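# Tertiary structure, described
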Amino acid sequence: PTSAQVSVVPRVGGFCYTLDNDVLSTEQRQFYEDNGYLLIKKLVSDEDIERFRKEFTRICKREVNPPGAMIMKDESLRSQFGQSEKVVNKVQDFQEDEELFRYCTLPEILKYVECFTGPNIMAMHTMLINKLPDSDKQTFLHPMHQDLHYFPFRPASRIVCAWTAMERAHQDNGCLVVQPGTHKTTLKPHGYPKWEGKTNKLFHGLLDEDEKIPKVHLVMEKGDTVFFHPLLIHGSGINKTSGFRKSISCHFASSECYYIDVKNTSQEHLEKELEEMVRKKYNATSVELKDIWNFRARLVQGERINL
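This section reports on the structure supplied with the text. Keep in mind the model is a prediction, meaning the values are calculated, not measured. (Residues numbered from 1 in each chain as written. Predicted model: local features only at pLDDT ≥ 70, side-chain atom pairs only at ≥ 80, totals over all residues. Heavy atoms only, no water.)

### Some points on the nonpolar core
In terms of nonpolar packing, the biggest core is built from 55 residues, with Tyr 37, Tyr 103, Cys 104, Ile 109, Trp 163, Phe 227 and Phe 252 touching the most fellow members. For this core, the element with the most residues is helix α5 (residues 107-117), which contributes six residues. Ranked by size, the runner-up nonpolar core spans 22 residues in total, among them Tyr 259, Val 262, Leu 289 and Leu 307. (Core = buried A, V, L, I, M, F, W, Y, C linked by side-chain atoms within 4.5 Å. Buried < 20%, exposed > 50% of the residue type's maximum accessible area, 1.4 Å probe, protein only. Helix = DSSP H or I, 4+ residues; strand = E, 2+ residues; numbered from the N terminus.)

Structure follows, in structure tokens:
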């Protein structure tokens, strides 16, 4: 199911991380169970990817300005390139952009998402990543992390990320790197890595990374989509090429998931940082983490229950 060198050991008993339906084969379910991710080849059409690319360019040029979207830029390049895709490295929270949000509603994506979440599906967190060429400063190296660190809802096994390559992703342009099997571990403490001047806002990473766990580089062709568990430890390298490495992704969750209070947990400092950013951006006097997620969340299939 993937380019990874990982073993699939047949085992007797039920599956913890996938639900019974006729979409995934037993081998695919077992692979996800053992490794925490599953790669599906050529899932999203070239036509759809071209439309997402065009919309991203329009956002970069400020021809459209989706409400609530966070547009992350490399400020050091702005004087050189102005408003263009050569400056923007990420459009986050694009749920109000009709064209990009189509990604989260594609039947071919939701067909697989339902295998992990069940029939009531919320799109919770959206991103279009444009990994800029970056051989010297390593600004856009994303440290190894677990996505659950960012999410104040549970259970983890009913959350899944769909991540689609918008062009070929390989080791030279900073493809995804995963540590198979780490989805079976607990949520670990995260923070800013000790890389002087090399961290982007909210690019948190594991504070104590186990270098002994093998890493797998996910080489993906345009349209290939990987689905992975929110506890899977993953990251991405730097883009050593002169081009841009684009991908589009959404974290989906069952609408039956529920919010948790992150106070006195390893996620508390993230809550403060996020609330402060939103207060500044919208000039709001008080904002809670749950409010931020309620604003982002969109029902894409079935009925809205808790989230």
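### Details of the packing of aromatic side chains
Each aromatic ring pair is specified by the distance between its two centres and by the angle formed by the two planes. This structure, assessed with the given rule, holds nine aromatic pairs. Aromatic pair Phe 31 and Tyr 37: ring centres 5.4 Å apart, planes at 90 degrees, arrangement edge-to-face. What makes Tyr 37 buried here is its relative accessible area of 0%. Ring centres of Phe 151 and Phe 153 lie 5.2 Å apart, and the angle between their planes is 15 degrees; on these two criteria the pair is classed as stacked. (Phe/Tyr/Trp six-rings, centres within 6.5 Å; stacked < 30°, edge-to-face > 60°.)

### Considerations on the sheet that holds strand β8 (residues 176-178)
Reading across from one edge, β5-β13-β8-β11 is the order of the four strands in this open sheet, with antiparallel pairing throughout. Edge positions in the sheet fall to β5 (142-145) and β11 (216-217), since each has one partner strand and no second. Where β8 meets strand β13 (residues 234-236), three bridges bridge the pair, whose relative direction is antiparallel. If you follow Leu 176 over to β13, its bridge partner there is Ser 236. (Pairing = 2+ DSSP bridges.)

### Quick notes on the pairing of strand β12 (residues 225-228)
Every second residue of β12 is oriented toward a common face, with Thr 225 and Phe 227 on one face and Val 226 and Phe 228 on the other, all of them buried. Bridge count between strand β1 (residues 37-40) and β12: four bridges; the pairing is antiparallel. Its bridge partner lying in β12, Tyr 37 is registered against Phe 228. Across four bridges, strand β7 (residues 159-165) lies against β12 in antiparallel orientation. Bridging from a neighbouring strand, Ala 162 pairs with Phe 227 of β12.

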